[in-house]
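# Working through the structure, step by step
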Amino acid sequence: MEDKRRTARNLVAKLSSVSERIRTDALSELRQISKLDPESRPLIADAGAVPYLCDSLYSSSPTIQENSAATLLNLSITSRGSLMSTRGLLDAVSHALSNPASHAAAQSCAATLHSLLIAEESYRPMIGSKRDIVYSLLSIVGDKHAPTRSIKDALKALFGIALYPLNRASMVGLGAISTLVSLIVRDARTGIVEDATAVLAQVAGCEESEEAMRKAGGVGVLGDLLDEGTSASTRTRENAVAALLNMARCGGERGRREVRETVVKVWEGVAVVAENGSGKGKAKAVELLKFVVDGNRNNQVRELRFKFDKINDFINHSI
């Protein structure tokens, strides 16, 4: 262990060299060590590497920025406190996200944020308050030419940010709803759609989402995902149910009416989730169906009555 500590200190010391070649070589070694040797990660952080890694994220060199971002990602697995206690970390990550020297650098920065957000709830309001970070992540998601991995890493980071309820209104204000809905519509890759609907389901859990969903046609898109004629995955369908349920919980009367009208059209798809989904998915699907029925007990429209009766029968047999 002492040899590893000595190696970490020597490499970190080289990060302050005036020679770019020495710094570049040291960063490359730190990246490999932190990737392959979990025991060395806290030693590298304790040796004072994080401030140097943050400074290196401002480099215009793809190699330097990539290695710095990748090393930070590796350290985030075991040394989150060292990262978050370093002054300027989030500003440096934000810079690399908005001015990436390569796609790989942006991917590692987004993945680092996800690692921090998922592991520690207290980081969510701190990271979510950085509007430039949220904006940069949404820009990656909205970029039609971004690599699949870049989009997925950005979506995972956005999901972590959206887990903190007070971040959601800000995300809506920065265009999260329209960006996510557009991505779902244009991208047929299952993994992308699953991750995008997961984020959308979280962001829908605030009052501000209702108008944005209306402008983006989000309710209709969610309904399409639940239509039995589509090939949406079970996870995507569960996310669509969760998004509609959050709208029903947080929206105004107009929004709740739109959710009811949509669910009535695709209730069979919601029923499939209630029967075959995960534990949470089943519970949310049944709650969504109950919401539809309870909101239409006095509805006298004859052509809908039969559907409501079928929904009621299904709910009664599901309990």
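Preceding block: the structure.
The paragraphs below set out a description of the structure included in this document. Residue positions within a chain follow its written sequence, with the count starting from 1. Local features in this predicted model are restricted to residues whose pLDDT is 70 or higher, and side-chain atom pairs enter the listing and the counts only when it is 80 or higher, whereas totals over whole chains, interfaces and linings include all residues. Excluded from the side-chain calculation are hydrogens and water; included are all heavy atoms of the structure.

### Side note on the overall build of the chain
Runs of H or I in DSSP of at least four residues are treated as helices and runs of E of at least two as strands, each being numbered from the N terminus. The number of helices and strands found in the chain is 21 helices and zero strands. Viewed in the frame of its principal axes, the chain has a C-alpha envelope of about 80 × 35 × 30 Å. Exposure is judged per residue with a 1.4 Å probe applied to protein chains only, and the accessible area is read against the type maximum: over 50% gives exposed, under 20% gives buried, and values in between give partly exposed. The buried share among the 319 residues of the chain stands at 53%. We call two residues in contact when some of their heavy atoms are within 4.5 Å. Of the contacts made within the chain by residues no fewer than 6 positions apart, 69% connect residues no fewer than 24 positions apart.

### A closer look at the environment of Ala-162
Within the secondary structure layout, Ala-162 lies in helix H11 (residues 148-162). Between the alpha carbons of Ala-162 and Pro-125 there is a distance of 9.5 Å; along the sequence they are 37 residues apart. Every residue in contact with Ala-162, bar those within four places of it in the chain, is listed here: Arg-168, Met-171, Gln-202 and Val-203.

### With respect to the packing of helix H2 (residues 20-36) against helix H5 (residues 62-75)
Axis geometry follows a simple rule: fit a line to the C-alpha atoms, using only the stretch in contact for helices, then measure angles between N-to-C directions, giving values from 0 to 180 degrees. Running from amino to carboxyl end, H2 crosses H5 at an angle of 30°, the nearest separation of the two axes being 9 Å. Between H2 and H5, the interaxial angle falls into the category roughly parallel. Two packed elements cross with a definite hand, and for H2 against H5 that hand is left-handed. On the side of H2, the interface is formed by Glu-20, Thr-24, Leu-27, Ser-28, Leu-30, Arg-31, Ser-34 and Lys-35, while H5 contributes Thr-63, Ile-64, Glu-66, Asn-67, Ser-68, Ala-70, Thr-71, Asn-74 and Leu-75. Each residue is assigned to one class: nonpolar for Ala, Val, Leu, Ile, Met, Phe, Trp, Tyr, Cys and Pro, charged for Asp, Glu, Lys and Arg, and polar for all the others, Gly among them. Taken together, the residues of the contact of H2 with H5 break down into five nonpolar, eight polar and four charged. For this classification, under 35 degrees means roughly parallel, over 145 means roughly antiparallel, 65 to 115 means roughly perpendicular, and everything else is oblique. Rotating anticlockwise by less than a right angle from the far helix to the near helix defines a left-handed crossing, while the corresponding clockwise rotation defines a right-handed one.

### Notes on H2
A helix is expected to reach a length of 1.5 Å times the quantity of its residues less one. Between its first and last C-alpha, H2 extends 24 Å over 17 residues, near the 24 Å set by a 1.5 Å rise per residue. Listed in full, the buried residues belonging to H2 are Thr-24, Ala-26, Leu-27, Leu-30 and Ser-34. One side of H2 holds all its buried residues, which, seen down the axis, span an arc of 165°. Structural note: H2 exposes Arg-21, Lys-35 and Leu-36 on the side pointing more than 90 degrees away from its buried face. Its buried side turned inward, H2 meets helix H1 (2-14), helix H3 (40-46), helix H4 (49-56) and H5. Taken from the helix axis, the directions to the C-beta atoms give the arc we talk about.

### Observations concerning the packing of H4 against H5
Orientation of H4 relative to H5, taken along the N-to-C sense of each, is 140°, at an axis distance of 8 Å. In terms of their interaxial angle, H4 and H5 are classed as oblique. In the crossing of H4 with H5, the sense of the turn from one axis to the other is left-handed. Each of Val-50, Leu-53 and Ser-56 in H4 lies in contact with H5, whose residues at this interface are Ile-64, Gln-65, Ser-68, Thr-71, Leu-72 and Leu-75. Residues of the contact of H4 with H5, tallied by class, amount to five nonpolar, four polar and no charged.

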